[in-house]
Amino acid sequence: LTRENMQRDDWKDLEFKEYNFCAKGQPAEGGHLHPLLKERVRQQLKMIFLQMGFEEMPTNNFVESSFWNFDALFQPQQHPARDSHDTFFLQAPSTTKQLPEDYVERVKEIHESGGYGSRGYAYEWKRDEANKNLLRTHTTAVSSRMLYLLAQNSFLPKRYFSIDRVFRNEAVDRTHLAEFHQIEGLVCDRGLTLGDLIGVLHDFFSRLGMENLRFKPAYNPYTEPSMEIFSYHEGFKKWVEIGNSGIFRPEMLRPMGLPEDVRVIAWGLSLERPTMILYGIDNIRDLFGHKVDL
Ligand SMILES: COC[C@@H]1[C@H](c2ccc(C#Cc3ccccc3)cc2)[C@@H]2CN(C(=O)Nc3ccc(OC4CC4)cc3)C[C@@H](O)[C@@H](O)CN12
């Protein structure tokens, strides 16, 4: 039935089948409680950090330079996470302008030939690569900015946290979208050890109702040692991975100008995973409400 034969009235002698009032409508995609649900879990986590004496980091810049997101973290320029299959690079503005030049020089040095006891990566570090703007792939980019600032004045012990959106250029599926909220905590002080990291993890996760933790050796380019964190979930009767953690490497901290005996312990988890588990949601799309047709 076209608009023309509607206008020409010749629809009157056409045969129509009975209208089916029982036809199913379009499926109503994902519920829309999620911003409130996630916001409630986010506020609970913020309260936990504040009660533990942590200050919130300023995370209102989704756009970051590769320098702060990768190079400052001693993540080599040929690392796979840095290619456009895993990272959203910006076309405009494609490059960052202002970087602290003296610090950039020390970062170039530590990547190319090491220093402070490190061998470095022995490759030619390129400024153009560091200048590329991207959507931050982790809130650890904000942590590196905050630690650099800490080193600019006379060092004082600090506890920082952040809970904000991060972006990964990855295939989306039922439980993974191209973005999620990362939760990150860090403690910066003289002489911190792995024991302090394990202790602060027990303190933090016990406030989320997760008591018996287990730790597994892991790898991150910017932490050594690194540990995956597991907690036994009574409901599922199995060990659930609840986050990742580690001690930031000297190759990241020393070029910033932090004193040799200063250590930084840090950990991270996502906001979506706990929200899904705490509220029994099994499709991450219900949490975001994105109409992503796969
Ligand atoms: C690309 O995906 C990364 C994300 C996200 C993640 C992983 C690592 C970090 C980090 C870090 C880090 C490490 C060292 C120094 C600084 C930051 C942050 C987020 C979660 C981290 N994970 C995660 O959140 N799991 C989780 C957390 C809480 C929880 O609570 C329930 C009530 C019981 C349940 C589950 C672990 C896995 O889900 C993992 O498969 C997915 N991970």
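Keep in mind the model is a prediction, meaning the values are calculated, not measured.

Draft legend 1. Quick look at the side chain of Thr223. Here Thr223 lies in strand 7 (residues 223-233). Its relative accessible area of 2% is what places Thr223 among the buried residues. Here Asn220 takes part through its side chain, which lies 3.1 Å from a polar atom of the side chain of Thr223. Among the polar contacts made by the side chain of Thr223, one reaches the side chain of Ser226 at a distance of 2.6 Å. Here Thr223 is in contact with Ser245, Gly246, Ile247, Phe248 and Arg249, once residues within four sequence places are set aside.

Draft legend 2. Fine view of the site of the ligand. Around the ligand, the surrounding shell holds 22 residues, and the nearest of these are Arg168, Glu241, Ile242, Ser270 and Arg273. Between Ser270 and the ligand, the recorded distance is 2.8 Å, taken from a backbone N or O atom to an oxygen atom. Contact distances for the ligand include 2.9 Å between an oxygen atom and a side-chain N or O atom of Arg273. Listing elements by their share of the shell around the ligand, those giving two or more residues are strand 5 (179-190), strand 8 (238-248), strand 9 (262-270) and helix 9 (272-278).

Draft legend 3. How the structure looks around unusual backbone geometry. Following Ala92, the chain continues into Pro93 via a peptide bond in cis, with omega recorded as -5 degrees. The residue Pro93 is located in the loop between helix 3 (66-69) and helix 4 (101-112) in this model. Although it is not a glycine, Phe74 adopts a positive phi angle of roughly 60 degrees. Backbone geometry places Tyr116, a non-glycine residue, at a positive phi of 55 degrees. Relative to the helices and strands, Tyr116 resides in the loop between helix 4 and helix 5 (127-131). When its relative accessible area of 42% is taken as the criterion, Tyr116 is described as partly exposed.

Draft legend 4. Structural view of the sheet that holds strand 7. Reading across the sheet, the seven strands line up as 1-4-5-9-8-7-6 and stay open at both edges, with mixed pairing between neighbours. Only two strands of the sheet have a single partner each, and these edge strands are strand 1 (55-56) and strand 6 (213-220). As paired strands, strand 7 and strand 8 are joined by nine bridges and run antiparallel to one another. Considered in strand 8, the bridge of Glu228 is made with Asn244. Where helix 7 (residues 194-206) meets the sheet, its contacts fall on strand 5, strand 6, strand 7, strand 8 and strand 9, and the angle it forms with strand 9 comes to roughly 35 degrees.

Draft legend 5. Region of interest: helix 4. Taking 1.5 Å per residue as the helical rise, helix 4 with its twelve residues ought to reach 16 Å, and the 16 Å between its terminal C-alpha atoms agrees with that figure. Buried within helix 4 are the following residues: Tyr103, Val104, Val107, Ile110 and His111. Viewed end-on, helix 4 has its buried residues packed into an arc of 125 degrees, placing them on one side of the element. For helix 4, the secondary structure elements touched by its buried residues are helix 3, helix 5, helix 6 (140-152) and helix 8 (250-253). Count one or two residues on from helix 4 and you reach Gly114, which has phi positive near 80 degrees.

Draft legend 6. Inspection of the pattern of salt bridges at higher detail. For the structure shown, the criterion picks out 18 salt bridges. Of the charged contacts, one joins Arg145 and Glu64 as a salt bridge, the two residues approaching to 2.8 Å between their closest N and O atoms. With Arg145 in helix 6 and Glu64 in strand 2 (residues 63-65), this residue pair connects regions lying 81 residues apart in the sequence. Assessed through its relative accessible area of 32%, Arg145 is described here as partly exposed. Taking the relative accessible area as the measure of exposure, Glu64 reaches 3% and is therefore buried. With its nearest N and O atoms 2.9 Å apart, the salt bridge here joins Lys132 to Glu129. Classification of Lys132 by relative accessible area gives partly exposed; the value is 34%.

Draft legend 7. Structural detail: the packing of aromatic side chains. Scanning all chains against the criterion turns up 18 aromatic pairs. On the numbers, 4.6 Å between centres and 5 degrees between planes, the contact of Phe49 with Phe161 is stacked. Note that Phe49 is positioned in helix 2 (residues 34-51) and Phe161 in strand 4 (residues 158-167), a separation of 112 residues in sequence. Assessed through its relative accessible area of 0%, Phe49 is described here as buried. Under the relative-accessibility criterion, Phe161 is labelled buried at 0%. Ring geometry for Tyr121 and Tyr123: centres 6.3 Å apart, planes at 50 degrees, overall tilted. These aromatic residues form a ring-pair network of at least three members: Phe49, Phe54, Phe161, Phe204, Phe205 and Trp267. Just above the ring of Phe89 sits the side chain of Lys132; from NZ or CZ to the centre is 5.8 Å.

Draft legend 8. A look at the nonpolar core. Ranked by size, the top nonpolar core spans 31 residues in total, and within it Phe67, Leu147 and Met256 carry the most contacts. Residue assignment for this core shows that the elements contributing at least two residues are helix 3, helix 4, helix 6, strand 5, helix 8 and strand 9. Ranked by residues supplied to this core, first place goes to helix 6 with six residues. Setting aside residues no more than four positions away along its own chain, Leu147 makes contact with Leu186, Cys188, Phe248, Met252, Leu253, Met256, Leu258 and Val264. Core analysis: the next-biggest nonpolar cluster, separate from the first, contains 27 residues, Phe161, Ile183, Leu197 and Leu201 among them.

How each quantity is defined
Within any chain, residue numbers begin from 1 and follow the written order of that chain's sequence. At least 70 in pLDDT is required for a residue's local features to be given in this predicted model, at least 80 for side-chain atom pairs to be given and counted, and no such filter applies to totals for whole chains, interfaces and linings, which use all residues. Only hydrogens and water are set aside; all other atoms, that is, all heavy atoms of the structure, feed into the side-chain values. In DSSP terms, a helix is any run of H or I states spanning at least four residues, a strand is any run of E spanning at least two, and both are numbered starting from the N terminus. Each residue is placed in one exposure class: buried if its accessible area under a 1.4 Å probe, protein chains only, is under 20% of its type's maximum, exposed if it is over 50%, and partly exposed if it falls in between. Polar contact is defined as a pair of N or O atoms within 3.5 Å, subject to the rule that within protein one atom must be able to donate a hydrogen and the other to accept it, and that residues adjacent in sequence are counted only when both atoms are side-chain atoms. Between two residues, a contact is recorded if the distance between any of their heavy atoms is within 4.5 Å. Nearness is defined per residue: one heavy atom within 4 Å of the molecule or strand is enough. A pair of strands is labelled paired if DSSP reports no fewer than 2 bridges between them. An axis is simply a line fitted to the C-alpha atoms; with a helix, the fit covers only the stretch in contact. Between two such axes, the angle follows the N-to-C directions and lies from 0 to 180 degrees. To estimate how far a helix should reach, multiply one less than its number of residues by 1.5 Å. As used here, the arc is the angular range of directions from the helix axis to the C-beta atoms. A pairing counts as a salt bridge when a side-chain nitrogen of Lys or Arg comes within 4 Å of a carboxyl oxygen of Asp or Glu. Note on aromatic pairs: the rings of Phe, Tyr and Trp (six-membered ring only in Trp) are paired at centre separations within 6.5 Å, and the planes decide the class, stacked below 30 degrees, edge-to-face beyond 60, tilted for the rest. By definition, being over a ring means that NZ of Lys or CZ of Arg is both within 6 Å of the ring centre and within 35 degrees of the ring normal. Think of a nonpolar core as a cluster: buried Ala, Val, Leu, Ile, Met, Phe, Trp, Tyr and Cys residues, connected wherever their side-chain atoms sit within 4.5 Å.

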